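Examination of the molecular architecture
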Amino acid sequence: MRDRTGGSTHPATPEALRTARLVLRPGADLDVIVRVHTDPELMRHIHRGVPRPLEGCPDDLARALAQWDTDGFGPLVVEFTDGTLAGTVGISRPTWCAEAMGTPDVGWTILQAYQRQGYATEAAASAIDWFFGAALGDRLVGIHNTTNPRSGAVMQRLGMRWVRQCTHPEFGYPIELWELSRGSWRRNGPPAAG
């Protein structure tokens, strides 16, 4: 069985990222994918808006792990310092969204019990700081379903700039596109934790 990073040998793959309250580990495992992707409430604002069938989760895991080898970035498991799962954060290429123009996308999913406590902002800030620090790109986007304004609020706290509203190409609902440049991240720095 592959380890959490899928055995990625990409030089940019970090061992772990740490914040005051969280540990972000590159990759994922099937238990994490199943926990997040089959939860109706967590998936409500993502793509189809419904949980993934259990039998689709191994393919989701394989795609997630392959990103590390291909791009040098991908999903990170977000845990508390005691190892308790808090959710996921990651950077991926949103090939489904032409408006992103191939720019990597930062996204997060925090388990219900831990939402509204600043963990999404803290985890995303750590991932963004690592991405720009590792010189993996000069720009990131954030994409969210307009029925999930809390994700938009996280993007705003991260210092992202609203670009435009567009339509999800497959499902037809409105989404918002935000962006963040390396230069603006360096000038403004990550938000304070908490």
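Being a predicted model, the structure only gives us computed values, none of them experimental. (Residues numbered from 1 in each chain as written. Predicted model: local features only at pLDDT ≥ 70, side-chain atom pairs only at ≥ 80, totals over all residues. Heavy atoms only, no water.)

A few points about the pattern of salt bridges
Scanning the entire structure with this criterion turns up nine salt bridges. Two residues, Asp60 and Arg63, come together in a salt bridge whose shortest N-O distance is 2.5 Å. With a gap of three residues between them, Asp60 and Arg63 both fall in helix H3 (residues 57-71), about one helical turn apart. In this structure Asp60 comes out as buried when scored by relative accessible area, which is 9%. Under the relative-accessibility criterion, Arg63 is labelled partly exposed at 49%. For Asp71, the salt bridge identified is with Arg93, shortest N-O distance 3.1 Å. Of the two residues, Asp71 sits in helix H3 while Arg93 sits in the loop between strand E4 (85-92) and strand E5 (105-110), which places them 22 residues apart along the sequence. (Salt bridge = Lys/Arg side-chain N within 4 Å of Asp/Glu carboxyl O. Helix = DSSP H or I, 4+ residues; strand = E, 2+ residues; numbered from the N terminus. Buried < 20%, exposed > 50% of the residue type's maximum accessible area, 1.4 Å probe, protein only.)

Focus: the packing of aromatic side chains
Going through the model one piece at a time under the given rule, you end up with six aromatic pairs. Taken together, a centroid distance of 5.6 Å and an interplanar angle of 70° make the contact between Phe73 and Phe131 edge-to-face. With Phe73 in the loop between H3 and strand E3 (75-80) and Phe131 in helix H4 (residues 119-133), the pair connects residues that are 58 residues apart, well separated along the chain. Pair check on accessibility: Phe73 and Phe131 agree, each one buried. Pairing Tyr114 with Tyr119 gives two aromatic rings, centres 6.5 Å apart and planes at 85°, and the pair type is edge-to-face. These aromatic residues form a ring-pair network of at least three members: Phe73, Phe131 and Phe132. (Phe/Tyr/Trp six-rings, centres within 6.5 Å; stacked < 30°, edge-to-face > 60°.)

Let's talk about the pairing of strand E7 (residues 161-167)
Taken together, the six bridges between E7 and strand E8 (residues 174-181) define a ladder with antiparallel strand orientation. By the bridge assignment for E8, Cys166 is matched with Ile175. Where E7 hands over to E8, the hairpin turn is made up of six residues, of which Gly172 adopts a positive phi near 75°. (Pairing = 2+ DSSP bridges.)

Description of the packing of helix H1 (residues 30-37) against H3
At a closest axis distance of 9 Å, the pairing of H1 and H3 adopts a crossing angle of 115°. Relative to H3, the crossing made by H1 is right-handed. Touching Leu30, Ile33, Val34 and His37 of H1 are Cys57, Pro58, Asp60 and Leu61, all from H3. Looking at side-chain class alone, the contact of H1 with H3 contains six nonpolar, one polar and one charged residues. (Axes fitted to C-alpha atoms, helices over the stretch in contact; angles between N-to-C directions. Left-handed = near helix turned anticlockwise from the far one by under 90°. Contact = heavy atoms within 4.5 Å. Nonpolar A, V, L, I, M, F, W, Y, C, P; charged D, E, K, R; others polar.)

Description of the nonpolar core
Leu24, Val89, Trp108, Ile128 and Leu158 are the most contacted members of the largest nonpolar core, which totals 32 residues. For this core, the elements supplying multiple residues, two or more each, are strand E2 (22-26), E3, E4, E5, H4, helix H5 (149-157) and E8. Excluding residues within four positions of it along the chain, Leu158 makes contact with Trp108, Thr121, Ala124, Ala125, Ile128, Leu180, Trp185 and Pro191. (Core = buried A, V, L, I, M, F, W, Y, C linked by side-chain atoms within 4.5 Å.)

Some words on the environment of Val106
Looking at the element boundaries, Val106 is found in strand E5. When the C-alpha positions of Val106 and Arg18 are compared, they lie 17 Å apart, and in sequence the two are 88 residues distant. Setting aside its immediate chain neighbours within four residues, Val106 contacts Gly90, Ile91, Ala124, Ile128, Val141, Gly142 and Met160.

These figures capture arrangement, not role.
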